[in-house]
Amino acid sequence: MSATEEPQKLYAAREPVFPKRVSGQFRNLKWIIMIVTLGIYYITPWIRWDRGPALPDQAVLIDMANRRFFFFWIEIWPHEFYFVAGLLIMAGLGLFLFTSALGRVWCGYTCPQTVWTDLFFAVERWIEGDRNARLRLWKANWDAKKVRLRITKYIAWLAIAVATGGAWVFYFADAPTLLVNLVTLQAHPVAYTTIGILTATTFVFGGFMREQVCIYMCPWPRIQAAMMDEHSITVAYRDWRGEPRGRGKDRHEGEGEAALGDCIDCNACVNVCPVGIDIRDGQQLECITCALCIDACDDIMEKIGKPRGLIDYMALTDEENERAGNQKISIWKHIFRPRTILYTALWSGIGIALVVMLFIRSEIDMTVAPIRNPQFVTMSDGSIRNTYDIRIRNMSHDDSTFQITLTSEAALEVGLEGTDLLTVDVPADTTHLQRVYVTAAPGSDPANRERTDFRFWVEDLQSTARTSRDTVFNGRDME
């Protein structure tokens, strides 16, 4: 390389994307989804649900202190984490199902990054104007107007970001109480830290990084390739109908007119794209299938008297079929095929199983932890005693009295620490740890045997509900 030759640049600065305002059925659908999803996110912590005097009245609450999750009438305890695991599996299968059927429909409509970026775009257009005005402002020198518009935009973005971070922490504590504590600076530092982190990430991701999060940070664009096949529905350009493209004087009457396709190369599809790509270049990793290019292209086609659908939702198999002049394949034939039916069956099966388990679960639960240091104690009369810690969970909304008993083929006696009775009182929606002693008489079979199986029973004396756990009694090995 000569001294005057400049080194090759391996980095290109990001070109900002300024999507143009567009209207149409898919844009309207995105507005509806944005309003619904953001409404659910911001409003849900403020919904009240009466569970009685001893429980929180917040409809949706992740109670970290008591390690419980409340969702309206459903209460999930720590030992029922399989419900959460089941919901996560359903979420994963749902992504597989929708991606295999409809491509990146999650990315285009309901992904939080898409929803908040779309909201930030709307605020930016409202303050700075549509695409051309924002482009001129971006290229203009800094003056009072540019500073004023930028500060106004950033303040609006920051307000949305703070509301986003604030709404998240309200899911983990009583929302009205936490709001007062936040305003009066009495909330826990963790709350302020969480709000600060989520505010910063929302502000940066939604306001500045935008499509870069989808292209470089999110792993789903890479994973989705394995989820899609030639029958998956995605946004595509009918190049066999649109090419060769031409505009203005190129579209003259006669032979030239017949030689050109329907695309007039107006770039309307490019100007509305939130990730700044040209869908006419074919399938691209950056495309989130938001379908705004469909709305833009359909509007142009109507204006020039051409059929809609030059850019449309379609499958790869549609190209060969349409090029051959055959009738368009129904979208339902693409969606309902063995792969998607299998995903639907698995997804539905897990959902049904969770619902069944939710309705058949008992309102009482217990765990048994044998004390193994020492394994047994020889009493003064020669009897052998084992010690156990039994944790009783009263998951009902009423105070209850529970009786602890055991069943075994051998002669064993049970006793409770601190009382001569075999009953304990457990308040509603709480757990109680009770130390229990099991004794074998001197010279009895369980006293002289190394291990004896038996079963603890806990019965709610009010509702007669019962639950049990198997464990072992350790004696002296006389062999």
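Quick note: structure is the one above.
Read on for a plain summary of the structure.

Thresholds applied
- Residues numbered from 1 in each chain as written.
- Predicted model: local features only at pLDDT ≥ 70, side-chain atom pairs only at ≥ 80, totals over all residues.
- Heavy atoms only, no water.
- Phe/Tyr/Trp six-rings, centres within 6.5 Å; stacked < 30°, edge-to-face > 60°.
- Helix = DSSP H or I, 4+ residues; strand = E, 2+ residues; numbered from the N terminus.
- Buried < 20%, exposed > 50% of the residue type's maximum accessible area, 1.4 Å probe, protein only.
- Lys NZ or Arg CZ within 6 Å of the ring centre and 35° of its normal.
- Lys, Arg positive; Asp, Glu negative; His and termini not counted.
- Salt bridge = Lys/Arg side-chain N within 4 Å of Asp/Glu carboxyl O.
- Polar contact = N/O pair within 3.5 Å; in protein donor to acceptor, adjacent residues only side chain to side chain.
- Contact = heavy atoms within 4.5 Å.
- Disulfide = S-S within 2.5 Å.

What the rule picks out here adds up to 26 aromatic pairs. Here the aromatic rings of tryptophan 49 and phenylalanine 72 are separated by 5.3 Å at their centres, their planes lie at 85°, and the arrangement is edge-to-face. Linking tryptophan 49 in the loop between helix H1 (25-43) and strand S1 (60-63) with phenylalanine 72 in the loop between strand S2 (68-71) and strand S3 (74-76), this pair joins segments that are 23 residues apart in sequence. Of the residues examined, tryptophan 49 reaches a relative accessible area of 32% and is grouped as partly exposed. Ring geometry for tyrosine 388 and phenylalanine 456: centres 5.3 Å apart, planes at 75°, overall edge-to-face. Taken together, the residues span a long stretch of sequence, with tyrosine 388 in strand S8 (residues 384-394) and phenylalanine 456 in strand S13 (residues 451-460) at a distance of 68 residues. Site record: aromatic cluster; members linked through ring pairs are Tyr41, Tyr42, Trp116, Trp168, Tyr171 and Phe172. Above the plane of the ring of tryptophan 31 lies arginine 27, whose end atom (NZ or CZ) is 4.0 Å from the centre.

All right, on to the side chain of aspartate 295 then. Here aspartate 295 lies in helix H14 (residues 292-303). Lacking a salt bridge, the buried aspartate 295 has arginine 308 as its closest oppositely charged neighbour, with an N-O distance of 5.7 Å. A distance of 2.7 Å separates the side chain of aspartate 295 from the backbone nitrogen of arginine 27, its partner in a polar contact. When neighbours within four sequence positions are excluded, aspartate 295 is seen to be in contact with Val22, Ser23, Gly24, Gln25, Phe26 and Arg27.

Before going further, it helps to spend a moment on the pattern of salt bridges. In a structure, side chains of opposite charge can pair up when their charged atoms sit close to one another. For the structure shown, the criterion picks out 34 salt bridges. With its nearest N and O atoms 2.6 Å apart, the salt bridge here joins arginine 241 to aspartate 262. Placement of arginine 241 in helix H11 (residues 239-242) and of aspartate 262 in the loop between helix H12 (255-259) and helix H13 (268-271) is noted, with a sequence separation of 21 residues between them. For the pair shown, arginine 241 and aspartate 262 are each scored as buried. Three or more residues joined by partner-sharing salt bridges are found here, namely Lys20, Glu124, Glu128, Asp130, Arg134, Arg150, Lys153 and Arg210.

Taken as a whole and assessed by the stated rule, the structure comprises zero disulfides. The structure places no disulfide on cysteine 214, whose sulfur is separated from the nearest cysteine sulfur, that of cysteine 111, by 6.1 Å. Residue class for cysteine 214 comes out buried when judged on its relative accessible area of 12%. Here cysteine 263 stays unpaired: no disulfide links it, and the sulfur of cysteine 266, its closest cysteine neighbor, is 6.4 Å away. For cysteine 263, a relative accessible area of 7% translates into the label buried.

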